[in-house]
Structure formats: structure tokens, C-alpha cells
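Report on the structure
Here is what each chain is made of, one letter per residue.
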Amino acid sequence: MASNPMQQFTVYRIGPEIKIAGIDLSFTNASLFMVLSTSIILLFLFLGSKEKKIVPGKIQLMAEMFYNFVAKMISETAGSKAKPFFPFIFSLFMFVLFCNMVGMLPYSFTVTSHIIVTLIMALFIFIAVTIIGFVKHGFKYLSIFVPSGVPAVLLPLITIIEIISYLSRPVSLSVRLFANMMAGHTMLKVFGGFVVSLGILGGWLPLSFSVALTGLEILVAFLQAYVFAILTCIYLNDALNLHH
Amino acid sequence: MTMPEDFKTRLKIAKSKIKKKLNDDSENRASFMGNAFKLGTELVAAVAVGTIIGFILDGWFDTKPWLIIIFFFLGAAAGMLNVIRAANRMQKED
């Protein structure tokens, strides 16, 4: 009986230990669940696009819904210039969403509840957006740090504040996803533990709580994937369309 | 390929029904919570980044503890800027 609510987050090795140049590259349970979510996405989209009917079946309808959802999100927040980045944002959204959803299954592992996973994704987005900005606008991209209409006396101060604000993007992006997933899953396990320790007489109240929390967690799982994707679109928009 | 007229009208009715459902209360309440959390992390992240920058610069220039203090406040200002921007974005969405 696992009584420690944090035990669900432990990463352990599956199979042999692989070490290349002093870096541990062993296959862990985290890697297993990443592979699992990716294969579920691939299978789902494969089945969804296998038969191209005018009146779609259930799976095709769901796949098209996801496609439309992301396409609309991109065109609304980042405009038509962001169309080439659709595959990236779509895969990002699907990966985060399915990792969160697979994590909701009992006995599974939530990949996105580890800050290293979310931080790597956020840093990749941050660096990619910065490179895209410099490629599209050259050194004029630096003008996002200098807002227009500011008195010359305040300009150095505002510029430093803008730079800190820019650098805080990957931190807030990654911490938000990680904290939401970890807090939710810890809470679920804590209430689950209450059910066991209070027994058949007092356990009904925490049990009803954990049912409600499970519903909430599924909503949070979707919402956080959506927020992660939409913020990527917003950052992309800042890099593509300079208007300050 | 053209769709039959009857199917088009049925599609329109179904779509408007879905839209009505999406605007329901329960959906909104969840997104409010998401918004609140968004603002919170936005503020905290900038303060943390500012403080870390101050800490690193202090190490470089040997000016402990002045830069960490200055950059803490600059980080707080950047956090407020982030929150204002995020709030403006949310208002635009509605």
C-alpha cells in the first residue's frame, strides 16, 4: 500500500542501464509513458485519417476537431503568417494533452508533472521563437525591448524590465504546467489515502471529493495543454509581427 | 463536390447548438481558474528570474548584496508588467 502521495512521481529505470559519455540514458518509466502517449496520438490520427469520408465517422470527427481547434487557435492569435508553424504547435498541443490524459489513468505516470520535461519544452519554444524573431527582422527584433512613447530618462529602466519580462517567459510557461499537474495529482493521492485510513465508516466524504477532483483534473489536463499551446502562439505572434 | 441543401441547414442548426452549449457556465468557471493561475505564475516567474539575474551579477561584480536587491524590485516590476499584459489579452479574448 503506497501511503506516500509523492511516491507516484519517482522515476525508475526499466531494463538495462545505458551510460554514454557519463550521461545516464537509461530507459525509464517516464520514457515509457512518453512513448506510450506518442503512440496513442499516432494511432488515433492514423485511424482518423484512414478513411476520408464526407460525413465523418467518430474517430475521423475527433481528429478533425483537434485539427480545426488548433488551426483556429493559431489563426486567431498569431495570424496567417504563423501557418507554417502549424505542425509544430499541433504536435506540441497533442503531446502535452495526451501526456496529461494518460497520466489520469490509474497506475500511470504523469510525464508533465516533472519540471525538467516542461522546462525543456518551454526552453525549446523560447529559443526557437528568439531565433525566428532575429531571422525575420534582424537586429530590429531588439526593438521589442524598447517600447515606444517612453521618456528618455526612463528608457534604461524600462528596457531592463522588458528584458526580465522576456526572460521570465520560459519559467512561467514551464512552472505553470508542472505545478498544475503535480499539485492535482498529489491532491488526488492525498484524498485517496484518506479514504483508506478512514475506513468504511468515514471514507465516503473523501471518496466523493476524489471523484469530483478527478473530473476537475481531467479539465485541468485539457486546459493546461490549451494554455501551453496558446502561449506558444502568442510568443510566436510577437516574433512574427513586430508592432511596438 | 456540393453538399445537399438539406444537409447544410442541418449542419448550421447543429453548430449553433454546440456553440450555445460551449458558452455554458461550468465551462467558463474552469477557464476562470486557469486564468487566475496564469496571472499568478506570470508574476512569480518574473520575480524569480529578476532575483536570479541579480544573484548572478552580484557574483560577477562582487557587489553583494546590492544588485540582488535592485533586481528583485525590477523583477517585481516586470512581473506586474506581465500581469497587466496577460489581463489585457484576456479582455481582448472575451
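The structure displayed is predicted, hence computed values, not measured ones.

As a further point, take the overall build of chain B. For chain B, the helix and strand inventory stands at 3 helices and 0 strands. From first element to last, N terminus to C terminus, chain B shows the α and β order α-α-α. In chain B, buried positions account for 19% of the 94 residues. Of the contacts made within chain B by residues no fewer than 6 positions apart, 58% connect residues no fewer than 24 positions apart.

Side chains of a nonpolar character, in soluble globular proteins, are inclined to be buried together. With 52 residues, the main nonpolar core has Phe93(A), Phe228(A), Ala229(A) and Cys233(A) as its most contacted residues. Put simply, the parts of the chain that give this core at least two residues each are helix H1 (29–48), helix H2 (58–77), helix H3 (86–103), helix H4 (115–137), helix H5 (155–202) and helix H6 (204–240) of chain A together with helix H2 (25–61) and helix H3 (66–93) of chain B. Setting aside residues no more than four positions away along its own chain, Cys233(A) makes contact with Met73(A), Ile74(A), Thr77(A), Ala78(A), Ala82(A) and Ile89(A).

In a packed pair of helices, the relevant descriptors are the angle between the two axes and the axis-to-axis distance. All names here are of chain A. Close contact between H2 and H6 brings their axes to 9 Å; oriented N to C, the two are set at 35°. Helix-helix and strand crossings are classified by hand; for H2 and H6 the assignment is right-handed. Residue-level inspection shows Val70, Met73, Ile74 and Thr77 of H2 in contact with H6, the latter providing Ala229, Ile230, Cys233, Ile234 and Asn237. Counted by class, the contact of H2 with H6 contains 7 nonpolar, 2 polar and no charged residues.

Moving on to the interface of chain A and chain B. Interface size is often expressed as the accessible area that is lost when the parts come together. In this complex, chain A contributes 15 residues to the contact, which on the side of chain B involves 20 residues. When residues in the side of chain A that touches chain B are grouped by element, the largest group, 11 residues, is from H5(A). The residue makeup of the side of chain A that touches chain B, split by class, is 10 nonpolar, 4 polar and 1 charged.

Residues and elements named next belong to chain A. With their axes 8 Å apart at the nearest point, H4 and H5 run at an angle of 145° to one another. At the point where H4 passes H5, the crossing takes the right-handed sense. For the pair H4 and H5, contact is made by Ile115, Thr118, Leu119, Ala122, Leu123 and Phe126 and by Arg169, Pro170, Leu173, Ser174, Leu177 and Phe178, respectively. Partitioned by chemical class, the residues of the contact of H4 with H5 number 9 nonpolar, 2 polar and 1 charged.

Before going further, it helps to spend a moment on H3(A). All names here are of chain A. With 18 residues, H3 should cover 26 Å at 1.5 Å per step; its first-to-last C-alpha distance of 25 Å lies within 8% of that length. All of the buried residues in H3 are Ile89, Phe93, Met94, Val96, Leu97, Phe98, Cys99, Asn100 and Gly103. Contacts from the buried residues of H3 go to H1, H2, H5 and H6.

What counts, and where the lines are drawn
- Residues numbered from 1 in each chain as written.
- Chains lettered and ligands numbered in written order.
- Predicted model: local features only at pLDDT ≥ 70, side-chain atom pairs only at ≥ 80, totals over all residues.
- Helix = DSSP H or I, 4+ residues; strand = E, 2+ residues; numbered from the N terminus.
- Buried ≥ 20, exposed ≤ 12 C-beta atoms within 10 Å, placed from the backbone.
- Contact = placed C-beta atoms within 7 Å.
- Core = buried A, V, L, I, M, F, W, Y, C linked by C-beta atoms within 7 Å.
- Axes fitted to C-alpha atoms, helices over the stretch in contact; angles between N-to-C directions.
- Left-handed = near helix turned anticlockwise from the far one by under 90°.
- Nonpolar A, V, L, I, M, F, W, Y, C, P; charged D, E, K, R; others polar.
- Expected span 1.5 Å × (residues − 1).

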